[in-house]
Structure formats: C-alpha cells, structure tokens
Amino acid sequence: MTKTTALHATHLRLGAKMTEFGGYEMPLAYSEGTIAEHLAVRTGAGVFDVSHLGSVEVSGPEAFARLQAVFTNDLARISAGRAQYTHLLDENGSVLDDIIVWWLEDTRFHVMPNAANTENVLANVGGDDITDSRTILAVQGPAARAYVADLISTAELPSKNRIIHGSYQGAPVIVSGTGYTGSDGVELSLPNEVAEECFLALIEAGVKPCGLGSRDTLRLEAGLPLHGHELGNGLTPLNARLDWVVKFDKGEFPGKAALLQQKIDGVSPLITGLTTGTRAPLRTGERIYSNQVEVGWVSSGGYSPLRKQGIGLGFLKADSPEPIYLERNGSMLAIERCAYPFAAMN
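What you see is a predicted model, and the numbers here were worked out from it, not measured in a lab.

Draft legend 1. Summary view of the packing of aromatic side chains. Inspection of every chain in the model, using the stated rule, returns 6 aromatic pairs. Pairing Tyr-85 with Trp-244 gives two aromatic rings, centres 5.8 Å apart and planes at 35 degrees, and the pair type is tilted. Placement of the pair is Tyr-85 in strand S5 (residues 82-89) and Trp-244 in the loop between helix H7 (212-221) and helix H8 (256-265), with a sequence separation of 159 residues. Classification of Tyr-85 by relative accessible area gives buried; the value is 13%. Put simply, the rings of Phe-64, Trp-103 and Phe-109 pair up and form one aromatic cluster.

Rendered as structure tokens:
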C-alpha cells in the first residue's frame, strides 16, 4: 500500500501533481511547474515536504559505537549538535544507502536514510522508526534562512551541517543546516500536528512550494548523487568519487576490505560530468560509446535551467578515449565530459 505524509491533503488542496516515490505518494510539481520551482530555489526560497525520507532514532550509551561500527564516515570527527553525510555498504563495497546522521545529544542520534531503505538501517543498527511521527520540511535557497528566522523561535539558525533545537507555536522543532539542492538552507523536523500550519505559513510569506521534480533537477545541477542512480548495487563510494565519505583509519566497517582491494586494482568505471552542449537533455539510462564500443552509461540525465544545457552524471571506463557519444534514434549524439557542479549557485 502506498503511504502518505501528514501534508498529503495539503498538497492536493494546493493543486500538486502527485507521483509515487519510495513507497509514498508525493508531490511531483505544483501549478507553475518544475522549472519555476527550480529557479525559485536558486534565486529566492522553496519549501519541500521530504517526510518520505526515513528517520530512525538510535539512543543510549552504546549508540555511538553501533553507528561507528556500521557506517563509512567517522563520527569521532564531529560531536553533538552536528550532522554528517555517510554511507552504509554491503561486504562487496556496494552502497546500500547514503545517509545523513543528525547527532542531537550526547547519546541520541537521528539516522536519516532514503525513502525505501529504512529497513536496512533498522537491521544494521537497531533503533526506533519514528518516520511517521514527524514532518520534515526542507527550506532551500539564498533567502531561506530569513523566512525560517521569522517563524521558528531559536537563539540563531544553524550554519551548514550544524543542528539546533527551537520551537514553532510552542512545539519542538529540530533545525539542521542540511539539504540536497546545492543551495543554502535548512531542514525542519517538527511534530505532524503543526506541520500544515508551518508549511502554509512559509508559503504565505513568499516561499514557493516545490515537488520532487525540482528536487531532482536541483540536486543534479549541483552534481549530487542519488541512491539508485549514482550509488547502489555494483557501485561503491570510490566509483562515485566520494572517497572523502570513507575513513579507512577509523576501524572496521562492512565493505572496507572490498574498497581497499578496489583501490589496489584500480577504480573503474568512474563518475563523470556530461553535457550535450545544447538544450537537448541527457536521459537517464542512455548508453555511452567511444569508437563504436560501449564505454559507460548516463546514471542521471536532464536539463539545467541555469546552464541552459542538457547535463548528466554518468559512469565511464577509466580509459575511455574521446570523442564520446550517445546512440539516440538511430543516430549519434555527441556529448562532452565537463566539471560538476554544473552551474554557480547560492
């Protein structure tokens, strides 16, 4: 059965086009469309309901050790009041999920997996699934903090990857300097009972409601990986050039031996930024060729509203020669490697 968030009825009243994602029915876009939402986040502020993402509370005196033994990043490098991006691997080094850990208090953590992967976290570290008891609003864009500061009572808003506790209309709110758009902003975790009021207050103040369509174009334009595309079965953090997420010196964790062997053998394929150089979008799943030999694939493709070009992330064999192209509709479409993020942003 498809699940819904606490704001489902609100999205419908606001005219959102809905879609299934990660087992939830979620807004894909509102009436003005994905590009308008994308540009609002790049130039002003947008708000996303991302309550479909999981939340697992892990607490108690053994909580730190349990997380440290399972994830790739090193929690000892941060402390309470901060957030950390990390990976959960299988023994072959494939990324089972990419995760944000919110370290709330000395022995209390919120582990936030992707929508369909909460069971993986529960199986590996235990804890309590609190996903359905809270709403998470991602308020993103260069003006996001100003809007949130007018609504949420806190001493100050958190800087990037920091966490503070505040309140909205007397209800407790966790405010984290995180997000997945490439623009500045914060995420709010608040009780379902006040979620609609807060969501509508942000919109009334001038924040544009945004759906998953623009969330995907924003993260792609920012060059951020998505599980199931740039991360997943057969793809390690090293394939995705996310070596910084793996701290080999912190001790043992699942997949460590496989990653060390991969470093010895040579990492291939490797993630690469791609562009058509025109308005023609790249398409997820398209195969990439060189000298009439298949050398890779497009893992995420689309159109960049800032760059006004087709862009994508893809995986190429490490020794793939130029030129590279796609075979589309029976003809060759030339594409180019390029740096990412794909556009400058606030």
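Draft legend 2. Quick look at H7. Counting buried residues in H7 gives 8 out of 10 residues, a clear majority hidden from the surface. Taken residue by residue, H7 has Leu-212, Gly-213, Ser-214, Arg-215, Leu-218, Arg-219, Leu-220 and Glu-221 as its buried positions. Gly-223 occupies a position one or two residues after H7 and carries a positive phi of about 70 degrees.

Draft legend 3. Summary view of the sheet that holds strand S14 (residues 270-275). Strand order in the closed barrel formed by 6 strands is S14-S17-S16-S15-S18-S19, and the pairing between neighbours is antiparallel. Neighbour-to-neighbour, the strand axes of this sheet turn through a mean angle of 45 degrees, independent of strand direction.

Draft legend 4. Region of interest: the pattern of salt bridges. Here the structure, examined in full by the defined rule, presents 14 salt bridges. Arg-108 is the salt-bridge partner of Glu-105, the closest N and O atoms lying 3.3 Å from each other. Overall, Arg-108 belongs to the partly exposed group, its relative accessible area being 22%. Across the pair Arg-328 and Glu-286 runs a salt bridge whose closest N-O atoms are separated by 2.7 Å. With a gap of 42 residues between them, Arg-328 in strand S18 (residues 324-328) and Glu-286 in the loop between S14 and strand S15 (287-290) connect regions that are remote in the sequence. The residues Arg-328 and Glu-286 share a single accessibility class, namely buried. Where salt bridges share partners, they join Glu-57, Glu-105 and Arg-108 into one cluster.

What counts as what
The residue count restarts for each chain, going from 1 along the sequence in the order it is written. Reporting of local features is limited, given that this is a predicted model, to residues whose pLDDT is at least 70; pairs of side-chain atoms are given and counted only at 80 or more, and all residues count toward the totals for whole chains, interfaces and linings. Hydrogen atoms and water are omitted, and side-chain values are computed over all heavy atoms in the structure. Ring pairs shown here join Phe, Tyr and Trp side chains whose ring centres sit within 6.5 Å, with only the six-membered ring taken for Trp; geometry is labelled stacked below 30 degrees between planes, edge-to-face above 60, and tilted in between. Here a helix means four or more residues in a row that DSSP labels H or I, a strand means two or more in a row labelled E, and each is numbered from the N terminus. Think of it in three bands: residues with accessible area under 20% of the maximum for their type are buried, residues over 50% are exposed, and the middle band is partly exposed, with areas taken using a 1.4 Å probe on protein chains only. By the convention used here, strands pair only if DSSP detects at least 2 bridges between them. The axes are straight lines fitted to the C-alpha atoms, using for helices just the contacting stretch, and the angles between their N-to-C directions are given from 0 to 180°. We define a salt bridge as a side-chain nitrogen of Lys or Arg found within 4 Å of a carboxyl oxygen belonging to Asp or Glu.

Remember that the coordinates give geometry; whether it matters functionally is a separate question.
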